[in-house]
Amino acid sequence: MLGCGGLTALVYGCSRAEADGWAAPSVLGALLGGAALLVAFGVRQTRAAVPLLPPKLVRDRGRVAALLAGGALMMSQLSVSLFLTYYLQTVLGWSAMAAGLGFLPISIVTTATATQLGTRLLPRFGPRVMMTAGLCISAGGLCQLTLLGPESAYLTSVLPALATFSVGLGGSFLAIMNAATTGVPAQDAGIASAVVNSVQQVGGSIGSAVFNTVAASAAAAFHGGMRAATLHGFTVAVRYPMGVLLLAAAATATLGRSRRRAPDAVRADERMGP
């Protein structure tokens, strides 16, 4: 009740900000209430005999860096996916089917990068370098999206940005899971993996809600047609997840220091091979 209730209240507060404004009592009440519930959840975990989230799991600096990276990446991915749909259909005039196919390169490039580059570079450079580099590369892809204009073409403007963004995603995913689960006792391995997934989902939910609010506000304040307003709102709002990625990159570079890997993790990498 404390953990899920707090997260739900935060997401609800962010989503209501578009309609009610950030200073509205409903928004502030939800945000403050959610924060209070999460604090209570954290206090409860330190005193519970069998905690749902053992505090020792979030005391490791490398694991905290992985959680920050995972949340930031999912926040940016869902935010971009949401409004790039509007861009492709409203600005470029694509059909829903064509817009869906326009996202296919994200899956292809992310998978190829993770399986072909991530597995080879992670043992050589370690999680910290991979996470930091991946976050910065993804931020570069978002920076390309801020340059989109009404006459920008998909092949020459959107596709290169998506490819850059996806390379960063693929290069980071394995490093995030490695940093989050390495050195965890066997009995806590499932919890550590679940924490990463939870942070990613919550980051995506809050990020898309905030991104939607910023983009809608920027579009509403823009004097022009719907097509121009949609583009303006998108290019303004995409700077926020870009900033989150850069902040997360700085955090991972600082927190994600190298650490001695557990024997089980070393053997797992050896079995994985090149």
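### Observations regarding the overall build of the protein
Inference 1: Counting its secondary structure elements, the protein contains ten helices and zero strands.
Inference 2: If you list the helices and strands of the protein from N to C, you get α-α-α-α-α-α-α-α-α-α.
Inference 3: Taken over the C-alpha atoms alone, the protein extends approximately 60 × 50 × 30 Å along its principal axes.
Inference 4: Within the protein, the proportion of its 274 residues that are buried is 43%.
Inference 5: A separation threshold of at least 6 residues defines the contact pool for the protein, and within that pool the share at least 24 residues apart is 77%.
Inference 6: When the accessible area of the protein is evaluated, it comes to approximately 13500 Å², of which 67% is carbon and sulfur surface.
Inference 7: For the protein, the distance from the average site of its 18 positive side-chain charges to the average site of its 8 negative ones is 8 Å.

### Description of the pattern of salt bridges
When charged atoms on two side chains of opposite charge get close, those side chains can pair.
Inference 1: If you walk through the whole model with that rule in mind, you get two salt bridges.
Inference 2: Between D20 and R16 there is a salt bridge whose closest N-O contact spans 3.1 Å. Of this pair, D20 and R16 are both found in helix α1 (residues 2–20), four residues apart, which corresponds to roughly one turn of the helix.
Inference 3: Assessed through its relative accessible area of 33%, D20 is described here as partly exposed.

### Section: the confidence of the model for the protein
Low-pLDDT portions of the prediction should not be read for the details of their coordinates.
Inference 1: Here the protein averages 87 in pLDDT, while 93% of its residues score no lower than 70.
Inference 2: Of all helices and strands in the protein, the one with the weakest mean pLDDT is helix α10 (residues 263–272) (43), whereas helix α2 (residues 25–47) scores best (95).
Inference 3: Considering only residues more than four positions removed or in separate chains, one finds that residues 260–274, a stretch of pLDDT under 50, has ten contacts.

### So, the packing of helix α3 (residues 61–91) against helix α9 (residues 239–255)
Inference 1: Where α3 contacts α9, the two axes come as close as 9 Å, and the packing angle between them is 165 degrees. In this view, α3 runs roughly antiparallel relative to α9, as classed from their interaxial angle. Handedness of the crossing formed by α3 with α9: left-handed. In contact with R61, G62, V64, A65, L68, A69, A72, L73, M75 and S76 of α3, α9 contributes P241, V244, L245, A248, A251, T252, T254 and L255.

### Thoughts on the packing of aromatic side chains
Between two aromatic rings, the relevant description is the distance of the centres plus the angle of the planes.
Inference 1: Within this structure, the stated rule accounts for two aromatic pairs.
Inference 2: With centroids separated by 5.0 Å and ring planes inclined at 50 degrees, the aromatic side chains of W94 and Y154 adopt a geometry described as tilted. Taken together, the residues span a long stretch of sequence, with W94 in the loop between α3 and α4 (96–102) and Y154 in helix α6 (residues 154–181) at a distance of 60 residues.

Calculation criteria
- Residues numbered from 1 in each chain as written.
- Predicted model: local features only at pLDDT ≥ 70, side-chain atom pairs only at ≥ 80, totals over all residues.
- Heavy atoms only, no water.
- Helix = DSSP H or I, 4+ residues; strand = E, 2+ residues; numbered from the N terminus.
- Buried < 20%, exposed > 50% of the residue type's maximum accessible area, 1.4 Å probe, protein only.
- Contact = heavy atoms within 4.5 Å.
- Areas by Shrake-Rupley, 256 points an atom, 1.4 Å probe, with all protein chains shown as cover.
- Lys, Arg positive; Asp, Glu negative; His and termini not counted.
- Charge placed at Lys NZ, Arg CZ, Asp CG, Glu CD.
- Salt bridge = Lys/Arg side-chain N within 4 Å of Asp/Glu carboxyl O.
- pLDDT = per-residue confidence, 0-100.
- Axes fitted to C-alpha atoms, helices over the stretch in contact; angles between N-to-C directions.
- Parallel < 35°, antiparallel > 145°, perpendicular 65-115°, else oblique.
- Left-handed = near helix turned anticlockwise from the far one by under 90°.
- Phe/Tyr/Trp six-rings, centres within 6.5 Å; stacked < 30°, edge-to-face > 60°.

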